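Working through the structure, step by step
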Amino acid sequence: MKKFFVFLLLLATVATSFVGIAAAKDVKDLKLGFILGSREHAFYLEIEKGILAAAKEMGFTAVVLESELSGALATERIESLVVDGMDAISLACNEPAACTNAIEAADAEGVPMFTFDCTSELTKVIKCFVGTDNYQGGVVGGEATIAELDRLGLKEGATVGIIGYPEPQSCIDRENGWMSVMNANKDKYKLNIVNIGNYQGQADIAQNLMSDALISYPDMAVVFTVGDPACIGALAAIKAAGATTKMIGFDANPEAHKAILDPVDGKYWFADVAQNPNKIGYTIAEEMVKYLTKGSVEKPVILIAPYLVDASNAVAQ
């Protein structure tokens, strides 16, 4: 009889534990932390708008910081948000190697971690990543590159270039997608493919890289950049050199739409791969709430399809 009583007591204890695990906060009591890449980029400002729209609609408290694209600063932001009692944290993981330890430490402290735009392949603790299908975006940019070569009548021997940013996984994926199309067409067009360099997310660095590239390749036909700031810098270099190089950017920020529709700048910057940053911000917030209130996310990776913007569908800003 005594053993039976102990068994019942154990069952009650286990049941109580499961009730405790299942219990979730009300959405209005949730405090969620978000770390943008940089507020100097229009793309991240649009993500922030999506986050704040979700907070207003769902009722949770959103604390939004930025990392200035620095893994070290992202680590500091994660640590401060943990101390401030966030129920979950998400970030644009622009430098995974520098902040993955902080991500895992926060998870160990019981703070679920999420990523948006850029994620980390160095850890398994990320509950959900929401971002653009960046590889497919690179493919879209590659197809636009080949189409432009056809339009220009450059069927053989054309030089094409790429300005990359090989730290964020998102930009690596864009470059890989673009390269897949170039490699598939390399023999057909006898392409000369030039890696112009790493612009580090800075327009002025992209301008210097493009200026140097045009000295060696003055007849470069098309350049693809993995981010709009690179296009801004490259555009300045192309115009200064009196070159005719065409450009395809990635992000379709307001400055891209404006340039594409401009009678002068549009002769160079003719297309851009568009994302939906507002939807990315809203969706990552939605998944964080879902995890904290229901115990699961829709799926671990949610990719939002990109599309090409050109003069036919660009919007006047």
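Our structure is the block above this text.
Now for a look at the structure at hand. (Residues numbered from 1 in each chain as written. Predicted model: local features only at pLDDT ≥ 70, side-chain atom pairs only at ≥ 80, totals over all residues. Heavy atoms only, no water.)

For the rest of this paragraph, the subject is the sheet that holds strand E1 (residues 31-36). Pairing in this open sheet of 6 strands is parallel, and the strands run E2-E1-E3-E4-E5-E11 from one edge to the other. This sheet does not close on itself; its edge strands, each paired only once, are strand E2 (61-66) and strand E11 (301-304). Taken pair by pair, the neighbouring strands of this sheet meet at an average axis angle of 15°, ignoring direction. Of the pairings in the sheet, the one linking strand E4 (residues 113-116) to strand E5 (residues 126-132) comprises 3 bridges and is parallel in character. Note on E5: the bridge partner recorded for phenylalanine 116 is valine 130. (Pairing = 2+ DSSP bridges. Helix = DSSP H or I, 4+ residues; strand = E, 2+ residues; numbered from the N terminus. Axes fitted to C-alpha atoms, helices over the stretch in contact; angles between N-to-C directions.)

What the rule picks out here adds up to 6 aromatic pairs. Centroid distance tyrosine 165 to tyrosine 199: 5.6 Å. Interplanar angle 65°. Geometry classified as edge-to-face. Residue tyrosine 165 is located in the loop between strand E6 (159-164) and helix H6 (169-189), and its partner tyrosine 199 is located in the loop between strand E7 (192-198) and helix H7 (203-216); the two are separated by 34 residues in the primary sequence. For the pair tyrosine 165 and tyrosine 199, a shared accessibility class is recorded, and that class is buried. (Phe/Tyr/Trp six-rings, centres within 6.5 Å; stacked < 30°, edge-to-face > 60°. Buried < 20%, exposed > 50% of the residue type's maximum accessible area, 1.4 Å probe, protein only.)

So, on to the layout of surface pockets. Summary: where empty space remains is shown by rolling a probe the size of a single water molecule over the atoms. In this model, the largest pocket occupies a volume close to 320 Å³. Around the largest pocket, the lining comprises 21 residues; the ones closest to its centre are Thr119, Ser120, Glu121, Phe129 and Val301. Residue assignment for the lining of the largest pocket shows that the elements contributing at least two residues are E5, helix H5 (134-152), H6 and E11. Among the elements that make up the lining of the largest pocket, the one with the highest residue count is E5 (4 residues). A class-by-class count of the residues in the lining of the largest pocket yields 9 nonpolar, 7 polar and 5 charged. (1 Å grid on protein atoms, 1.4 Å probe; cavity = no way out; pocket = protein on both sides within 12 Å on 5 of 7 lines; lining within 4 Å. Points joined across faces, edges and corners; volume = space filled by probe spheres on them. Nonpolar A, V, L, I, M, F, W, Y, C, P; charged D, E, K, R; others polar.)

Within the structure shown, the criterion is met by 1 cavity of 30 Å³ or more. There is about 150 Å³ of room inside the largest cavity. Along its surface, the largest cavity is lined by 18 residues, and His41, Tyr44, Asp117, Cys171 and Arg174 are the ones closest to its centre. Put simply, the parts of the chain that give the lining of the largest cavity at least two residues each are helix H2 (42-58) and H6. Per-element tally for the lining of the largest cavity: the top contributor is H6, with 3 residues.

Okay, the environment of asparagine 195 next. The residue asparagine 195 is located in strand E7 in this model. Look past the residues within four positions of asparagine 195 in its chain and what remains in contact with it is Ile162 and Glu175. At a separation of 3.1 Å, a polar atom in the side chain of asparagine 195 contacts the main-chain amide nitrogen of glycine 197. (Contact = heavy atoms within 4.5 Å. Polar contact = N/O pair within 3.5 Å; in protein donor to acceptor, adjacent residues only side chain to side chain.)

Quick look at the sheet that holds strand E8 (residues 222-225) now. Adjacent strands of a sheet pair through backbone hydrogen bonds, lying either parallel or antiparallel. One open sheet accounts for 6 strands, arranged E7-E6-E8-E9-E10-E12; its pairing is mixed. Lying at the two open borders of the sheet, with one neighbouring strand each, are E7 and strand E12 (307-309). Across the sheet, the mean angle separating the axes of adjacent strands is 20° when strand polarity is ignored. Strands in contact with helix H9 (residues 254-261) are strand E10 (269-274) and E12; relative to E10, the strand with the most contacts, it is inclined by about 150°.

At glutamate 68, a residue that is not glycine, the phi angle is positive and equals roughly 55°. You can see glutamate 68 is positioned in the loop between E2 and helix H3 (71-83). Residue classification places glutamate 68 among the exposed positions, given a relative accessible area of 52%. A positive phi is found at leucine 69, a non-glycine position, where the angle reads about 65°. Tracing the backbone through its elements, the reader meets leucine 69 in the loop between E2 and H3.

Among the nonpolar cores identified, the biggest contains 82 residues, and Leu32, Phe34, Phe60, Leu149, Ile196 and Met210 are the most heavily contacted of them. For this core, the leading source of residues is helix H10 (residues 277-294), giving 7 residues. Once residues within four sequence positions are removed from consideration, leucine 149 is found in contact with Leu154, Ala158, Val160, Tyr189, Leu191, Ala221 and Val222. In this structure, Ile35, Cys93, Ala106 and Ile126 belong to the second largest nonpolar core, which totals 16 residues. (Core = buried A, V, L, I, M, F, W, Y, C linked by side-chain atoms within 4.5 Å.)

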